[in-house]
Amino acid sequence: MLLNARSAPPGHDPETDGDMKARWAKVNVVVRSGPSRDARPVTVLRRGQKIEVNSAMLRDGWYQVMRNGKVLGFVGAHLFTTQSSPPKKS
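Please read all numbers here as calculations on a predicted model, not as lab measurements.

The rules we used
- Residues numbered from 1 in each chain as written.
- Predicted model: local features only at pLDDT ≥ 70, side-chain atom pairs only at ≥ 80, totals over all residues.
- Heavy atoms only, no water.
- Helix = DSSP H or I, 4+ residues; strand = E, 2+ residues; numbered from the N terminus.
- Areas by Shrake-Rupley, 256 points an atom, 1.4 Å probe, with all protein chains shown as cover.
- Buried < 20%, exposed > 50% of the residue type's maximum accessible area, 1.4 Å probe, protein only.
- Contact = heavy atoms within 4.5 Å.
- Core = buried A, V, L, I, M, F, W, Y, C linked by side-chain atoms within 4.5 Å.
- Lys, Arg positive; Asp, Glu negative; His and termini not counted.
- Salt bridge = Lys/Arg side-chain N within 4 Å of Asp/Glu carboxyl O.

Right, let's talk about the overall build of the chain for a bit. Check the secondary structure of the chain and you find zero helices and seven strands. Each helix and strand of the chain, placed in order from N terminus to C terminus, yields the pattern β-β-β-β-β-β-β. Accessible surface for the chain amounts to roughly 5500 Å². Of this, 47% is attributable to carbon and sulfur atoms.

Let us look at the environment of Arg-37. Tracing the sequence through the fold places Arg-37 in the loop between β2 (29-32) and β3 (41-45). Exposure remark for Arg-37: the relative accessible area of 70% places this residue in the exposed category. Once the C-alpha coordinates of Arg-37 and Val-75 are considered, the two residues, 38 residues apart in sequence, prove to be 9.0 Å apart. Other than its neighbours up to four places away in sequence, Arg-37 contacts Arg-32 and Trp-62.

Quick look at the nonpolar core now. Of all hydrophobic cores here, the largest spans 12 residues; its members are Ala-25, Val-29, Val-31, Leu-45, Ile-51, Val-53, Tyr-63, Val-65, Leu-72, Val-75, Ala-77 and Phe-80. Counting residues per element, the ones that place at least two in this core are β2, β4 (50-59), β5 (62-67) and β6 (70-76). Setting aside residues up to four positions removed in sequence, Ala-77 forms contacts with Leu-58, Gly-61, Trp-62 and Tyr-63.

With that settled, the discussion passes to the side chain of Arg-32. Position of Arg-32 among the secondary structure elements: in strand β2. Buried and unpaired, Arg-32 has no salt bridge, with Asp-38 as the nearest side chain of opposite charge at 7.3 Å. Those residues in contact with Arg-32, other than ones at most four positions away along the chain, are Arg-37, Ala-39, Arg-40, Pro-41, Val-42, Trp-62, Gly-73 and Phe-74.

Turning to the environment of Ser-84, a few remarks are in order. Within the element layout of this structure, Ser-84 appears in the segment after β7 (80-81). The exposure class assigned to Ser-84 is partly exposed, which follows from its relative accessible area of 48%. When the C-alpha atoms of Ser-84 and Lys-50 are compared, they prove to be 7.5 Å apart, with 34 residues separating the residues in sequence.

A separate point is the environment of Phe-74. Residue position: Phe-74 is located in strand β6. Look at Phe-74 and you get buried, because its relative accessible area is 0%. Sequence spacing of Phe-74 and Gln-64 is 10 residues, and the spatial spacing of their C-alpha atoms is 4.5 Å.

Structure, rendered in structure tokens:
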């Protein structure tokens, strides 16, 4: 079942349910409307930017992400770190 930024499974409220965790972008990241590289781009998160991820909504390597309590869309989980300072570029 694919989810998009505007829908959720019945009985699920992504703004209040799940395990919200802080993550920081390792690189500039395109937020997409669904958990796919083919999904429409919604916005871009800059390297080092903090975002809330719903770890309960991890689907096929994609996190559902939120900012200020609102669902933004989906990002590849591998593009984020649990550390507030992303590694320096070489």
